[in-house]
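Observations on the model geometry
As a plain string of letters, each chain reads:
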Amino acid sequence: TEVRGTSSKGMLVHHATVRKCYIHDVGSDGMFIHEGGDMMIEYNFITRCGKNNATDHVDGIQVHNAGSNITVRYNHIVLPSSAYNGGWAGTCGALNSCIVFQSDWGAISNSSIQNNWLYGGGYTVRLEEKNGYEITGITVSGNRFGRDYDYGPRGTIGSPGFTWTNNVYDDN
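Residues numbered from 1 in each chain as written. Predicted model: local features only at pLDDT ≥ 70, side-chain atom pairs only at ≥ 80, totals over all residues. Heavy atoms only, no water.

Looking at where E129 falls in the secondary structure, it is placed in the loop between β15 (123–128) and β16 (135–141). Buried charge without a partner: E129 forms no salt bridge, and the closest opposite charge is K130, 11 Å away. Here the side chain of E129 touches S159 through a polar contact of 2.8 Å, landing on its backbone nitrogen. (Helix = DSSP H or I, 4+ residues; strand = E, 2+ residues; numbered from the N terminus. Buried < 20%, exposed > 50% of the residue type's maximum accessible area, 1.4 Å probe, protein only. Lys, Arg positive; Asp, Glu negative; His and termini not counted. Salt bridge = Lys/Arg side-chain N within 4 Å of Asp/Glu carboxyl O. Polar contact = N/O pair within 3.5 Å; in protein donor to acceptor, adjacent residues only side chain to side chain.)

Moving on, we get to the nonpolar core. Core analysis: the largest hydrophobic core is formed by 34 residues, its most contacted members being M31, I33, I41, I61, I77, I99 and F101. Sorting elements by how many residues they give to this core places strand β12 (residues 94–102) first, with 4 residues. The residues contacting I61, other than those within four sequence positions of it, are M31, I33, I41, I46, V72, I77, C98, I99 and V100. (Core = buried A, V, L, I, M, F, W, Y, C linked by side-chain atoms within 4.5 Å. Contact = heavy atoms within 4.5 Å.)

Moving on, we get to unusual backbone geometry. For D38, which is not a glycine, the phi torsion comes out positive at approximately 50°. Judged by relative accessible area, D38 falls into the exposed class, the value being 56%. Its identity is not glycine, yet N166 carries a phi of approximately 55°, on the positive side. As for its position among the elements, N166 is in the loop between β19 (162–165) and β20 (168–169).

With that settled, consider the sheet that holds strand β14 (residues 117–120). Here we have 7 strands laid out as an open sheet, ordered β1-β4-β7-β11-β14-β17-β20, and parallel in their pairing. Each having just a single partner strand, β1 (2–4) and β20 make up the two edges of the open sheet. Pairing of strand β11 (residues 76–79) with β14 involves 4 bridges; the strand directions are parallel. Pairing of V78 across the sheet is with Y119, part of β14. (Pairing = 2+ DSSP bridges.)

The next thing to look at is the sheet that holds strand β18 (residues 152–157). Reading across the sheet, the 6 strands line up as β2-β5-β8-β12-β15-β18 and stay open at both edges, with parallel pairing between neighbours. Either end of the sheet is taken by a strand with one partner, and the two such strands are β2 (11–13) and β18. With direction set aside, neighbouring strand axes in the sheet form an average angle of 25°. Of the strand pairs in this sheet, β2 and strand β5 (residues 31–33) are connected by 3 bridges, and their pairing is parallel. (Axes fitted to C-alpha atoms, helices over the stretch in contact; angles between N-to-C directions.)

This structure, assessed with the given rule, holds 6 aromatic pairs. On the numbers, 5.5 Å between centres and 20° between planes, the contact of Y22 with F45 is stacked. Linking Y22 in strand β4 (residues 22–26) with F45 in strand β7 (residues 45–49), this pair joins segments that are 23 residues apart in sequence. A relative accessible area of 29% means that F45 is categorised as partly exposed. For the pair Y123 and Y151, a centre-to-centre distance of 5.3 Å together with 40° between the ring planes defines the contact as tilted. Here Y151 lies in the loop between β17 (144–145) and β18 and Y123 lies in strand β15, a separation of 28 residues in the sequence. Given the relative accessible area of 28%, Y123 is considered partly exposed. The lysine or arginine in question, R154, covers the ring of W164, its NZ or CZ lying 4.9 Å from the ring centre. (Phe/Tyr/Trp six-rings, centres within 6.5 Å; stacked < 30°, edge-to-face > 60°. Lys NZ or Arg CZ within 6 Å of the ring centre and 35° of its normal.)

So this is what it looks like as structure tokens:
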């Protein structure tokens, strides 16, 4: 399934499995997990998010609502810093992350980010506790990272509960 040319988010997802989608040239984030819980996001290719929306901050996959049992695995997300700060500048929004779990509207728990190929972002993976809601029981493992990011492969706010294992740079 190809998703392209939207004026806002590529996909707004509720309690579902999203598999084998090509999401690109969308007006905001590639995928927004809404009403998060019991989700499987796998084998997707996401790139060129924030098209024609210079005021947006761009994520490949974004989770802001309360949820648990969210699995993000085997995805290929390409949001290179050099493209957002150079070649795509003016045509795409500002860069945020490939994957962000941010507890703006509720706790996020017992979820995983595994075996993805992640290239880019301000921080490639962001785990951010907000508004007093916790993030607990998150596993981030087996992912491969490109080095074309602004700050690093991971960023945190608050004290999210997570394990970070067997993640490597793609050029190692």
